[in-house]
Amino acid sequence: MTRYVVIGGGAVGATVAAQLHLAGTSAVLVARGAHLAALRAGGLRYVHPTGTTTVPVPVVGGPDELELTGDDVLVVATKAQDVEGVLAAWAWRPVVGRDVVAASVLPIVLLQNGLDSERSALRRFATVFGAVTWSAASHLEPGEVVSPTSPIAAVFWIGAYPSGTHPALERLAADFTAADLAVQVVSDIARWKAGKLLTILPNALTAVYASSPLRDAAAEALRAEAKAVFELIGQPVADFQAESTVDLAGFAVKPIPGKERPGSSTWQSVARGGTVESDYLNGEIVLLARLHGGSAPLNEAVLGRVNQAVAAGVEAGSLGDDDLAALLPSVAAALVS
């Protein structure tokens, strides 16, 4: 029986582990810090539209606490900035009963935003699957995750990296689907991940700036600049609305009193006082432009500002239009012209 080792106990990782466990599929959740302590003390408090459940999913603090077997699939659900450490910690772990290491024989699934995690994994792991994740879950308190969509808890577009198919994906898709985690297997995952990246470039803005028409205009400007970079480098982009075969009717956010989703995953990182993944979102656009002799000044400016704001301890969503107009004067000028 396949066992899913879900590395990263935040909103997405805990949702995946909880749904698999509740469906009777073997899963282990790898967490850290206060969240790990709370999970060990009382299980996962899983808040869902159907009610709040304490899910006794097995939990460990790292690879030293778990023996890997040939039936394991590693599912990395950390933020992109933490992936390199995860890969280094898990790749060379022995597999029980076999004279091999994890990187040689175990599939690894990367659930991160951006375009970098799969490439990093392929340096070590022979079988790499990339994924685009859609989730409305939130994680702000140790031991608790709020998953407000029902009956589908999350949606994934998953494919072999860099491209093609793999027989293990069908087993994964069946297990996830049985756990109310919708899956579409695709053969060109990089194209789908590029499409997701375009949609979430404004996460840096929404994490530190208050809602306003200027913030909305800045978001569209970031996307337009990214599209131009993709055209420059010849990166195709998937159209989720036109190409997705997943029935999204069941992926509906339902109100949970007192547990409304406060903001994007980047907003949640700022609110928890953590690091942000903007280096792998806006920074990815900046990198691609520079590698091909171009530039992405708007994404570059936002990348620098969000990192400065986080370093200064700015509260999530607390900056205003004056700051944003000074950062992106061309966008502000276009809005008032």
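These remarks concern the structure in this document. (Residues numbered from 1 in each chain as written. Predicted model: local features only at pLDDT ≥ 70, side-chain atom pairs only at ≥ 80, totals over all residues. Heavy atoms only, no water.)

### Concerning the environment of Glu67
Along the chain, Glu67 falls in the loop between strand S5 (59-60) and strand S6 (72-76). Between the C-alpha atoms of Glu67 and Ala121, which are 54 residues apart in sequence, the distance is 21 Å. Dropping the residues within four chain positions of it, Glu67 is found in contact with Arg3, Asp72 and Val96. (Helix = DSSP H or I, 4+ residues; strand = E, 2+ residues; numbered from the N terminus. Contact = heavy atoms within 4.5 Å.)

### Some thoughts on the sheet that holds strand S4 (residues 51-55)
Strand pairing within a sheet occurs via backbone hydrogen bonds; the two strands may be parallel or antiparallel. The strand order across the open sheet formed by three strands is S4-S3-S9, and the pairing between neighbours is mixed. Looking along the sheet, the strands with just one partner apiece sit at the ends: S4 and strand S9 (144-146). Each strand of the sheet is rotated relative to its neighbour by a mean of 20°, with strand direction disregarded. In terms of strand pairing, strand S3 (residues 44-48) meets S4 through five bridges, oriented antiparallel. What sits directly across from Leu44, in S4, is Val55. (Pairing = 2+ DSSP bridges. Axes fitted to C-alpha atoms, helices over the stretch in contact; angles between N-to-C directions.)

### Side note on the nonpolar core
In this structure, Phe156, Phe176 and Leu181 are the most contacted members of the largest nonpolar core, which totals 38 residues. A per-element tally of this core places helix H1 (residues 11-22) first, with six residues. Not counting residues up to four positions away in its chain, the partners in contact with Leu181 are Val16, Gln19, Leu20, Ala153, Ala154, Phe156 and Phe176. Counting 36 residues, the second largest nonpolar core, distinct from the first, contains Leu214, Phe230, Ile285 and Ala296. (Core = buried A, V, L, I, M, F, W, Y, C linked by side-chain atoms within 4.5 Å. Buried < 20%, exposed > 50% of the residue type's maximum accessible area, 1.4 Å probe, protein only.)

### Things to note about the packing of aromatic side chains
Aromatic rings considered in pairs are described by the distance between their centres and by the relative angle of their planes. Within the structure shown, the criterion is met by seven aromatic pairs. Here the aromatic rings of Tyr4 and Phe176 are separated by 5.7 Å at their centres, their planes lie at 65°, and the arrangement is edge-to-face. Of this pair, Tyr4 sits in strand S1 (residues 3-7) while Phe176 sits in helix H6 (residues 168-178), placing them 172 residues apart in sequence. Judged by relative accessible area, which is 1%, Phe176 ranks as buried. When the ring of Trp157 is compared with that of Phe240, the centres are 4.9 Å apart and the planes differ by 80°; the resulting orientation is edge-to-face. Taken together, the residues Trp157 in strand S11 (residues 154-160) and Phe240 in helix H10 (residues 240-243) connect sequence positions 83 residues apart. Among the aromatic residues, those joined into a ring-pair cluster are Trp134, Trp157, Trp192 and Phe240. (Phe/Tyr/Trp six-rings, centres within 6.5 Å; stacked < 30°, edge-to-face > 60°.)

### Looking at the side chain of Gln112
With respect to the helices and strands, the residue Gln112 is situated in the loop between strand S7 (108-110) and helix H5 (117-122). Reaching out from Gln112, the side chain makes a polar contact with the backbone oxygen of Val76 at a distance of 2.9 Å. (Polar contact = N/O pair within 3.5 Å; in protein donor to acceptor, adjacent residues only side chain to side chain.)

### Points about the pattern of salt bridges
Tallied over the full model, the rule gives 15 salt bridges. Notably, a salt bridge pairs Glu65 with Arg40, separated by 2.3 Å at the nearest N-O pair. Taken together, the residues Glu65 in the loop between S5 and S6 and Arg40 in helix H2 (residues 33-42) connect sequence positions 25 residues apart. For Glu65, a relative accessible area of 42% translates into the label partly exposed. Under the relative-accessibility criterion, Arg40 is labelled partly exposed at 46%. Connected through salt bridges with shared partners, the residues Arg45, Glu141, Glu144 and Lys259 form a single ionic network. (Salt bridge = Lys/Arg side-chain N within 4 Å of Asp/Glu carboxyl O.)

Geometric descriptors of this kind do not, in isolation, establish any biological role.
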